[in-house]
Amino acid sequence: MVYLSPYHVAVSVYSRCYCNKKRGRWLVAQAFVRRKSRLRVKGLKVKDREKIKEAIAISVQNGNYTTREIGVDIGKDHSTVSRYLAEMDREGKWGIKRDVNGNIVVSLQKQLAQDYRQLENEPFNQLPSIQKWITFLKSGGIPPRRVQYLINVMHGMSDQLKVMPETIISFGVPLDSTKRKEIAIEYWRNFLAWFNTAYPQMQKTNTINAYRSFLAAHNINFAHGEGKRYGLSTTPERLGEYKDIMLMPEQIDRINKYLENGSDWEAWSFMNIDLHTGARAFAMASMRWDRIAFSPSFRVEQFEPKVKRGDWYLTKEGRWWIKYPTEECRAVVETARDMLSKEKKFLFFEDAKSDKANALQASYFMSKMAFRFKKIFSGLDKSSWINEKTRIYALGDELYFNGHPLHLFRHTMAQYYLAATNWSLAYVASLGGWENTEVLNKCYGGIPEHIKAQVAKSIHVGFDTLDLSTTIEVGHF
């Protein structure tokens, strides 16, 4: 045991008191500093909290929409920014609204402008040839996300060829258009030789579309059908390969019973409405009750983003497709209305009060349904599929389709409705959301061979008895 003299004890006590006193002064000073530091913007003192809110409002106007972006801009922690945003939302005078997830609600025009600014700031995107391409794509109304996707494809090609994009299109080089086109084609052939070796099973359609768009932005164009001789045809290589696939009646019945027994009315409604409307996945996932009318005639409106017609919905450009389905479809929708929540604006999720948030919810729901049905399809008896091609499509071959089970409903709708209408391509195209009958006929279900054979038996053409003069005379009227 260590013995301490009265002197040492006194010194020890004094030291602890002095240190605590000094630490107390330091803590008070720190508290004072912290309290004062809250009234700072970008390190500079401001008079009151209103100045901080003004700085946040200005930051939002400049295109910063997340708490982290705003925090970096004004020199505040993102949690502090979040507290201020909550106050500003309640006060209502700052023109700032937030959705249920805390995201700032901005107009679609502002969001698009911000997205374009962000993609233009990427280093690769600042190359002169890419800048010109971006302007070309913007003038065509191509959304920012799609623009960035196309640029990423071109970036990969440039890296593989080990040349700058400017070199591919002879940017700034005084050559005639024919020579510039020859150079661009030669670079494509070099890339194609590598691509076919590295990825023999993969489609090139998206890469071709990106490359031709890049060339078109620099006035290198191809006449109709010309691209085919250079391997630059934009017609999908497997167009029509999966036109015969569909779910069989016994499979549909089994899936319905499975979903009904499990009270999975979301999946039941998704599948059965889709089997009658043929909508693409996003059009189904984003359906709204106020776009369905039961009287005076039954009508359904679904938004198809793949059909670019200048309408905007949930941050996507496309077209509202008005459909007049059958009475069987009405019964399905009425069942869905009884089984799903009637209080929701959307059929399958709650309204988050902002287009961006609702678009994310629709995407999430699509993913959930795809996972759900892929699992259900995998449990079906393999011998019950109409053919091996259908089984591969539904389950995904991980090379071409990569598992898109929801699209199987669109194929099934086409097959059933064509058969029910005696192969009325025009009617089925208008109902299913095809802009013309060509794609429907080539890719989803043209007239089967046995039907053509039956029609041929009922037609009689007498070449030795037909009065062509009557036909010609009628043609004049």
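Since this is a predicted model, take the numbers as computed values, not measurements.

(A) Just the overall build of the protein chain, in detail. Scanning the protein chain from N- to C-terminus turns up 21 helices and eight strands. When the 477 residues of the protein chain are sorted by exposure, 40% land in the buried category. Long-range contacts, defined here as pairs at least 24 residues apart, represent 60% of the contacts in the protein chain between residues at least 6 apart. Accessible surface for the protein chain amounts to roughly 27,600 Å². Of this, 54% is attributable to carbon and sulfur atoms.

(B) Structural context of the pattern of salt bridges. By the definition in use, this model includes 17 salt bridges. Between Arg288 and Asp290 there is a salt bridge whose closest N-O contact spans 2.8 Å. Classification of Arg288 as buried rests on a relative accessible area of 15%. Residue Asp290 is classed as exposed on the basis of its relative accessible area, which comes to 51%. Beyond isolated ion pairs, a larger network of salt bridges with shared partners links Arg49, Glu50, Lys53, Glu87 and Glu91.

(C) Summary view of the packing of aromatic side chains. Under the criterion given, the structure shown has 23 aromatic pairs. A centroid spacing of 5.8 Å and a plane angle of 35 degrees characterise the contact between Trp188 and Phe191, whose relative ring orientation is tilted. Of this pair, Trp188 and Phe191 both sit in helix H9 (residues 177-198), three residues apart, roughly one helical turn. The burial state of Trp188 is the same as that of Phe191; both residues are buried. Residues Phe191 and Trp194 carry aromatic rings whose centres are separated by 5.5 Å and whose planes lie at 45 degrees to one another, so their mutual orientation is tilted. Here Phe191 and its partner Trp194 are both found in helix H9, three residues apart, which amounts to about one turn of the helix. Look at Trp194 and you get partly exposed, because its relative accessible area is 32%. Connected via pairs of aromatic rings, a cluster forms that spans Trp188, Phe191, Trp194, Phe195, Tyr199 and Tyr211.

(D) Quick look at the side chain of Asp274. Positionally, Asp274 belongs in helix H12 (residues 265-277). For the buried Asp274, no salt bridge exists, and the shortest N-O distance to an oppositely charged side chain is 6.5 Å, to Lys323. Other than its neighbours up to four places away in sequence, Asp274 contacts Ala279, Met284, Leu406, Phe409 and Met413.

(E) Examining helix H19 (residues 437-445) more closely. Turning to H19, its buried residues number three or more, namely Leu440, Cys443, Tyr444 and Gly445. In a view along the axis of H19, the buried residues occupy a sector of 135 degrees, so they form one face of it. Looking at the packing, one finds that the buried side of H19 touches helix H17 (407-420) and helix H18 (425-432). The N-capping residue of H19, defined by a side-chain oxygen 3.1 Å from the backbone nitrogen of Glu438, is Asn436.

(F) Region of the structure containing H17. Across its 14 residues, H17 extends 20 Å between first and last C-alpha, which sits within 8% of the 20 Å expected from 1.5 Å per residue. Across the 14 residues that make up H17, a large majority, 10, are buried. Taken together, the buried positions of H17 are occupied by Leu408, Phe409, Arg410, His411, Thr412, Met413, Ala414, Gln415, Tyr417 and Leu418. Where H17 is buried, its residues meet helix H11 (249-261), H12, helix H15 (355-378), helix H16 (388-395), H18 and H19. Positive backbone phi, at 55 degrees, marks Asn422, one or two positions downstream of H17.

(G) Broad picture of the pairing of strand S6 (residues 299-304). In terms of burial, S6 is a largely internal element, five of the six residues being buried. Here two bridges tie strand S5 (residues 292-293) to S6, and the two strands are oriented antiparallel to one another. Along S6, the bridge assignment pairs Ala293 with Arg299. Where S5 hands over to S6, the hairpin turn is made up of five residues, counted between the paired strands. Note: S6 against strand S8 (residues 316-323), five bridges, orientation antiparallel. Residue pairing for S8: Gln302 is matched across the bridge by Trp321.

(H) Broad picture of the sheet that holds S8. Strand order in this open sheet of four strands is S5-S6-S8-S7, and the pairing throughout is antiparallel. Because the sheet does not close on itself, it has two edges, and the strands there are S5 and strand S7 (311-313).

(I) Here's a closer look at the packing of H11 against H15. The contact between H11 and H15 brings their axes to 11 Å, and the two run at 120 degrees. On the basis of the axis angle, H11 is oblique to H15. Note that H11 runs across H15; the crossing there is right-handed. Counting all contacts with H11, which are made through Ile255, Tyr258 and Leu259, the residues of H15 involved are Arg372, Phe373, Ile376 and Phe377. Looking at the contact of H11 with H15 residue by residue, the classes come out as six nonpolar, no polar and one charged.

(J) Structural context of the confidence of the model for the protein chain. Per-residue pLDDT for the protein chain averages 82, and the proportion of residues at 70 or more is 85%. Taken element by element, the predicted model of the protein chain shows its lowest mean pLDDT in helix H1 (residues 6-37) (44) and its highest in H12 (97). Note that residues 1-37 has pLDDT below 50 and, in this model, three contacts with residues that lie over four places away or in other chains. Here residues 471-477 scores under 50 on pLDDT; set against residues more than four positions off or in separate chains, the count is zero contacts.

(K) Molecular detail of the side chain of Glu301. Summarising the element assignment, Glu301 is placed in strand S6. Classification of Glu301 by relative accessible area gives buried; the value is 10%. In this structure the side chain of Glu301 is engaged in a polar contact, spanning 3.4 Å, whose partner is the side chain of Arg299. Glu301 has contacts with Arg291, Trp320, Trp321 and Ile322, leaving out every residue within four places of it along the chain.

Thresholds applied
Residue indices follow the written sequence of each chain, beginning from 1 at its first position. With the structure being a predicted model, the display of local features is reserved for residues of pLDDT at least 70 and the display and counting of side-chain atom pairs for 80 or more, all residues being used for whole-chain, interface and lining totals. Excluding hydrogens and water, the side-chain figures rest on all heavy atoms present in the structure. Each helix is a run of H or I in the DSSP string that is no shorter than four residues. Each strand is a run of E no shorter than two, and both are numbered from the N terminus. Relative accessibility under 20% of the residue-type maximum defines a buried residue, over 50% an exposed one, and the middle range a partly exposed one, all with a 1.4 Å probe and only protein chains included. Any two residues whose heavy atoms approach within 4.5 Å at even a single point are treated as in contact. The accessible surface values rely on the Shrake-Rupley method and a 1.4 Å probe; as for residues, cover is taken only from the protein chains in view. Between Lys or Arg on one side and Asp or Glu on the other, a salt bridge is scored when a side-chain nitrogen of the former is within 4 Å of a carboxyl oxygen of the latter. Two rings from Phe, Tyr or Trp (for Trp, the six-membered ring) form a pair when their centres are within 6.5 Å of each other. A pair whose planes differ by under 30 degrees is stacked, one over 60 is edge-to-face, and the rest are tilted. Think of it this way: Lys and Arg go in the positive column, Asp and Glu in the negative one, and His and the chain ends go nowhere. Summarising the geometry, the arc corresponds to the directions from the helix axis toward the C-beta atoms. Think of a polar contact as two N or O atoms within 3.5 Å of one another; within protein, one of them needs to be a possible hydrogen donor and the other a possible acceptor, and neighboring residues in sequence only count if both atoms come from side chains. Here the expected span of a helix is defined as 1.5 Å times the quantity of residues minus one. Strands are labelled as partners when DSSP assigns at least two bridges between them. Fitted lines through C-alpha atoms give the axes, limited to the stretch in contact for helices. The angle between two N-to-C directions lies from 0 to 180 degrees. Roughly parallel here means an angle under 35 degrees, roughly antiparallel means over 145, roughly perpendicular means 65 to 115, and every remaining angle is called oblique. Note on convention: near helix rotated counterclockwise from far helix by under a right angle means a left-handed crossing. Clockwise means right-handed. Residue type decides the class: Asp, Glu, Lys and Arg count as charged, Ala, Val, Leu, Ile, Met, Phe, Trp, Tyr, Cys and Pro as nonpolar, and the leftover types, Gly among them, as polar. pLDDT gives the predictor's per-residue confidence on a scale running from 0 to 100.

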